[in-house]
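Here is how the chains run, residue by residue.
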Amino acid sequence: MAAPQDVHVRICNQEIVKFDLEVKALIQDIRNCSGPLSALTELNTKVKEKIQQLRHRVQELEQLAKEQDKESEKQLLLQEVENHKKQMLRKTTKESLAQTSSAITESLMGISRMMSQQVQQSEEAMQTLVNSSRTILDANEEFKSMSGTIQLGRKLITKYNRRELTDKLLIFLALALFLATVLYIVKKRLFPFL
């Protein structure tokens, strides 16, 4: 019959293998993940949890190894613990690479959003410039129209000023003729002998 300590070592080893396989599967899922960012983050979280559980089991196995009565079994288990630690170190590196990849992806998505906003702002600025240009062209056309009206008004005023001068001259001549006629009539009536 197996000692309880041996059973505990076997269970611990089985759990280590199980967690190791789960971590490998999750890392493969991360490699195959094409998005979205939330899925990648969720996979990273699961990898962290499994590596933490794996680390805990390896520490438990190390404690069991130190409690072994036989030196040969103790050394054998400690060697196994050392191998697990080396594998965990490689997995931790892969996890950090996955985290770095996730951070880079998030950063690139942020840059993409920022560029999209810049493009939208540029489009809005361009539309504003087009509208301003159209307003300026409309104002220019209106100014040309008003300029034509002002020139026509100036010509009419000049014409009316000339006509006024002509009218004043005619009135003055008519008045002078009238006065001359009146003087002539008065002279003939009052001084017929002259």
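Source: prediction; values computed, not measured.

S.K.: Which residues make up the overall build of the chain, and what values go with them?
M.R.: Helices and strands together make up the secondary structure of the chain, namely three helices and zero strands. Seen in sequence order, the chain has helices and strands lined up from the N terminus as α-α-α. Across the chain, every contact between residues at least 6 apart in sequence was considered, and the portion connecting residues at least 24 apart equals 69%. Accessible area for the chain stands at about 15,300 Å²; split by element, carbon and sulfur atoms hold 61% of it.

S.K.: Can you explain the nonpolar core? Please cite residues and give values.
M.R.: Among the nonpolar cores identified, the biggest contains 12 residues, and these are Val9, Cys12, Ile16, Phe19, Leu54, Val58, Leu61, Leu64, Ala65, Leu77, Val81 and Met88. At the level of elements, α1 (4-32), α2 (37-66) and α3 (71-190) are the ones that each hand at least two residues to this core. With five residues, the top contributor of residues to this core is α2. Dropping the residues within four chain positions of it, Leu61 is found in contact with Val9, Cys12, Asn13, Ile16, Leu77, Glu80, Val81 and His84. By size, the runner-up hydrophobic cluster in this structure holds eight residues, among which are Val23, Ile27, Leu40 and Val47.

S.K.: Let's hear about the UniProt feature "transmembrane region" (unreviewed entry) in the chain: which residues, and what values?
M.R.: The feature "transmembrane region" (unreviewed entry), as given by UniProt, occupies residues 169-186 in the numbering adopted here. Taken end to end, residues 169-186 is 100% helix and 0% strand, and its two terminal C-alpha atoms sit 25 Å from one another.

S.K.: Talk me through the pattern of salt bridges; I want residue IDs and the actual numbers.
M.R.: The full count for this structure, using the stated rule, is six salt bridges. The salt bridge involving Arg57 is made with Glu60; its shortest N-O contact spans 2.8 Å. Placement of the pair is Arg57 and Glu60 together in helix α2, with a separation of three residues, close to one helical turn. For the salt bridge of Lys168 with Glu164, the shortest nitrogen-to-oxygen distance reads 3.7 Å. Of this pair, Lys168 and Glu164 both sit in helix α3, separated by four residues, roughly a single helical turn. Residue class for Glu164 comes out partly exposed when judged on its relative accessible area of 41%.

S.K.: Please provide a residue-by-residue account of the confidence of the model for the chain, values included.
M.R.: On average, residues of the chain score 80 in pLDDT, and 88% of them reach the 70 mark or higher. Confidence scores differ between elements of the chain, with α1 showing the lowest mean pLDDT of 78 and α3 the highest of 82.

S.K.: How would you explain the environment of Ala65 if you had to name every residue and give the values?
M.R.: Among the secondary structure elements, Ala65 is positioned in helix α2. Through-space distance from the C-alpha of Ala65 to that of Gln79 is 9.5 Å; in sequence the pair is 14 residues apart. Excluding residues that lie within four positions of it along the chain, Ala65 makes contacts with Lys74, Leu77 and Leu78.

S.K.: Requested: an account of a nonpolar patch on the surface, with residues and values cited.
M.R.: Side chains of Leu175, Phe178, Leu179, Val182, Val186, Leu190, Phe191 and Phe193 sit close together on the surface and give an oily, nonpolar patch of about 810 Å² of accessible area. Its location among the elements puts Leu179 in helix α3. Exposure remark for Leu179: the relative accessible area of 46% places this residue in the partly exposed category.

Criteria and cut-off values
Residues numbered from 1 in each chain as written. Predicted model: local features only at pLDDT ≥ 70, side-chain atom pairs only at ≥ 80, totals over all residues. Heavy atoms only, no water. Helix = DSSP H or I, 4+ residues; strand = E, 2+ residues; numbered from the N terminus. Contact = heavy atoms within 4.5 Å. Areas by Shrake-Rupley, 256 points an atom, 1.4 Å probe, with all protein chains shown as cover. Core = buried A, V, L, I, M, F, W, Y, C linked by side-chain atoms within 4.5 Å. Buried < 20%, exposed > 50% of the residue type's maximum accessible area, 1.4 Å probe, protein only. UniProt positions renumbered as here; feature names shortened; annotations may be inferred. Salt bridge = Lys/Arg side-chain N within 4 Å of Asp/Glu carboxyl O. pLDDT = per-residue confidence, 0-100. Patch = residues over 30% accessible without salt bridge, like charges linked within 9 Å, V, L, I, M, F, W, Y side chains within 5 Å.

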